[in-house]
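# Descriptive analysis of the structure
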Amino acid sequence: MNNKEISIVIPAYNEAENLPFLCDEIKDVLKNITKNYEIIIVNDGSTDKTKEVIENLTAKDIHISGIHFRTNFGKASALSAGFKKAVGETIFTMDADLQDDPQEIPNFLDKIDEGFDLVSGWKQNRKDSFVKNSSSKFFNFVTSLLSKIKLHDFNCGFKAYKGEVAKGLDLYGQMHRYIPVMAGNEGYKITEIPVHHRKRKFGKSKYGPIRFLNGFLDLLTVMVLTKYFKRPAHFFGGLGSIALFLGFVINMYIIYLKLTFGNIQGRLPLFIAGILFIMVGIQLISLGLIGEMFVKISRKNNSKNNIA
Ligand code: UDP
Ligand code: MG
């Protein structure tokens, strides 16, 4: 573990009190590991003194640099900007609020040395409110079930990446929650380590349980973009075929009634539902075919990018 190039990316939204302590703690740990490191703090449009604090820190230490957003673009955008700037062979992300303990950094590096591309922290003994802990458990359960990636804590802010993994991520919205899903779908090797989690001392949490709602819509996007991205005709075509089949069965039944009894026996709502299913089915199948055309075009452009 000698002389590694390490970048640490820290998204910060109103974290003025925490940043000086965090930088000190990180430097304390890294001095035993490497001289070759950088700390990139991304100020996500803070309205407190975060900007001034970062400017103070960067003036005093050449290892520290800052990126300032004009307004609050969200954690995913902050991470994305940090990754773009980072040059380290290994890139870490840490929350700015002192909840992640820098003492864990060597444990992450051990896993990277073992050959993992992404090491995700697992706040096994999480120090947040009951509502937050339980909604997060539910979120992690569903995400793991849908993505088939076996992690306990997808959204842990403390992660280590091989440089190319972090730089290859396309992050926006609440997508930071699904980084392991995206990386897993790219075929990267992912693991997790339990990390010591601390209570927030200064400042407030920016995420309430309500945010999980938006997060689930993003999960749908991730699932479609990753799992079905290369075969939209299967995804939309599958749903469309089911709808078409249901519509067909319903309307055959209606025709049977009409032929047998001379009228449809008051089954008008069912008849309308049958027609609707057929129309929706045809539309979904067409959507899948249009999707296939897009994939074909983009494959032509990117055919060289998937070589390991
Ligand atoms: N954060 C950010 N932009 C935002 C919200 C949060 O950069 O719009 C940062 C925040 O400053 C912290 C990290 O993301 O460093 C995690 O946020 P927080 O601690 O509020 O989340 P929690 O730990 O409560 O889930
Ligand atoms: Mg926090």
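Above this text sits the structure in question.
So, here is what we can say about the structure in this document. Computed from a predicted model, the values in this text were never measured in an experiment.

What follows covers the site of ligand 1. The environment of ligand 1 is made up of 18 residues, and the closest members are Glu15, Asp44, Asp97, Lys132 and Lys206. Measuring from a nitrogen atom of ligand 1, one finds a side-chain N or O atom of Asp44 at 2.6 Å. One of the side-chain N or O atoms of Asp97 is found 2.6 Å from an oxygen atom in ligand 1. Within the complex, the protein chains bury 95% of what would otherwise be the 530 Å² of accessible surface of ligand 1. When atoms are counted within 2 Å of each cavity's grid points, the one that captures over half of ligand 1 is the second largest pocket.

Counted by the stated rule, this structure contains nine aromatic pairs. With a centroid separation of 6.5 Å and 25 degrees between ring planes, the pair formed by Tyr253 and Tyr256 is classed as stacked. Here Tyr253 pairs with Tyr256, and both are found in helix H9 (residues 232–261), just three residues apart, close to one helical turn. Of the aromatic side chains, those joined through ring pairs into one cluster are Phe92, Phe108 and Phe158. Above the ring of Phe116, the side-chain terminus of Lys189 is found at 5.1 Å from the ring centroid.

Size it by volume and the second largest pocket reaches roughly 620 Å³. Taken together, 36 residues make up the lining of the second largest pocket; nearest its centre are Lys75, Asp95, Ser205, Lys206 and Tyr207. Of all the secondary-structure elements, those providing two or more residues to the lining of the second largest pocket are strand E1 (6–12), helix H5 (130–147) and helix H8 (211–226). No other element matches H5, which puts four residues into the lining of the second largest pocket. Residues that form the lining of the second largest pocket fall into these classes: nine nonpolar, twelve polar and 15 charged.

What follows covers the pattern of salt bridges. Scanning all chains against the criterion turns up 13 salt bridges. The salt bridge partner of Lys162 is Asp117, with a shortest N-O separation of 3.4 Å. Separated by 45 residues along the polypeptide, Lys162 in strand E6 (residues 159–162) and Asp117 in the loop between helix H4 (105–113) and strand E5 (118–122) bring together distant segments of the chain. By sharing partners, the salt bridges in this structure join Glu15, Asp97, Arg200 and Lys206 into a single network.

Now for the nonpolar core. Core analysis: the biggest nonpolar cluster contains 34 residues, and Ile8, Leu19, Ile41, Phe92 and Ile105 have the highest contact counts within it. No other element matches helix H1 (residues 18–30), which puts six residues into this core. Ignoring anything within four residues of it in the chain, the contact list for Leu19 reads Ile10, Ala12, Ile41, Thr50, Val53, Ile54, Leu57 and Ala96. In this structure, Ile40, Phe69, Phe83 and Val165 belong to the second largest nonpolar core, which totals 31 residues.

Looking at the magnesium ion (ligand 2), the protein donor atoms are Asp97 (OD) and Gln99 (OE1), and they sit 1.9 to 2.1 Å from it. Under the relative-accessibility criterion, Asp97 is labelled buried at 5%.

Inspection of the entire model under this criterion finds one cavity of 30 Å³ or more. Volume-wise, the largest cavity comes out at about 80 Å³. What lines the largest cavity is a set of 13 residues, and nearest its centre among them are Lys75, Leu79, Thr93, Cys156 and Gly157. Its residues assigned to classes, the lining of the largest cavity comprises six nonpolar, four polar and three charged.

To continue, consider the sheet that holds E1. A sheet is described by the order of its strands in space; here seven strands give the open sequence E3-E2-E1-E4-E6-E5-E7, paired in mixed fashion. If you trace the sheet from one side to the other, it starts and ends with strand E3 (64–68) and strand E7 (190–194), each paired once. Neighbour-to-neighbour, the strand axes of this sheet turn through a mean angle of 20 degrees, independent of strand direction. Here E5 runs beside E6; their pairing, made up of three bridges, is antiparallel. Within E6, the residue paired with Ser120 across the bridge is Lys159. Contacting E1, strand E2 (37–43) and E3, helix H2 (residues 50–60) crosses the sheet at an angle of about 150 degrees to E3.

Residue placement: Trp122 occurs in strand E5. Once residues lying within four places of it in the same chain are set aside, the contact partners of Trp122 are His152, Asp153, Cys156, Glu192, Ile193, Pro194 and Val195.

To continue, consider H2. Within the sequence span of H2, burial applies to Thr50, Val53, Ile54 and Leu57. Seen from one end, H2 has its buried residues packed into an arc of 100 degrees, which puts them on one side. Among the exposed residues of H2, those oriented more than 90 degrees off its buried face are Asn56 and Ala59. Along its buried surface, H2 packs onto E1, H1, E2 and E3.

Cut-offs used in this document
Residues numbered from 1 in each chain as written. Chains lettered and ligands numbered in written order. Predicted model: local features only at pLDDT ≥ 70, side-chain atom pairs only at ≥ 80, totals over all residues. Heavy atoms only, no water. Near = heavy atom within 4 Å. Polar contact = N/O pair within 3.5 Å; in protein donor to acceptor, adjacent residues only side chain to side chain. Areas by Shrake-Rupley, 256 points an atom, 1.4 Å probe, with all protein chains shown as cover. 1 Å grid on protein atoms, 1.4 Å probe; cavity = no way out; pocket = protein on both sides within 12 Å on 5 of 7 lines; lining within 4 Å. Sits in = over half its atoms within 2 Å of the grid points. Phe/Tyr/Trp six-rings, centres within 6.5 Å; stacked < 30°, edge-to-face > 60°. Helix = DSSP H or I, 4+ residues; strand = E, 2+ residues; numbered from the N terminus. Lys NZ or Arg CZ within 6 Å of the ring centre and 35° of its normal. Points joined across faces, edges and corners; volume = space filled by probe spheres on them. Nonpolar A, V, L, I, M, F, W, Y, C, P; charged D, E, K, R; others polar. Salt bridge = Lys/Arg side-chain N within 4 Å of Asp/Glu carboxyl O. Core = buried A, V, L, I, M, F, W, Y, C linked by side-chain atoms within 4.5 Å. Buried < 20%, exposed > 50% of the residue type's maximum accessible area, 1.4 Å probe, protein only. Contact = heavy atoms within 4.5 Å. Donors = N, O, S within 2.8 Å, 3.2 Å for Na, K, Ca; no water. Pairing = 2+ DSSP bridges. Axes fitted to C-alpha atoms, helices over the stretch in contact; angles between N-to-C directions. Arc of directions from axis to C-beta.

Everything listed is a geometric property; what it means functionally is a separate question.
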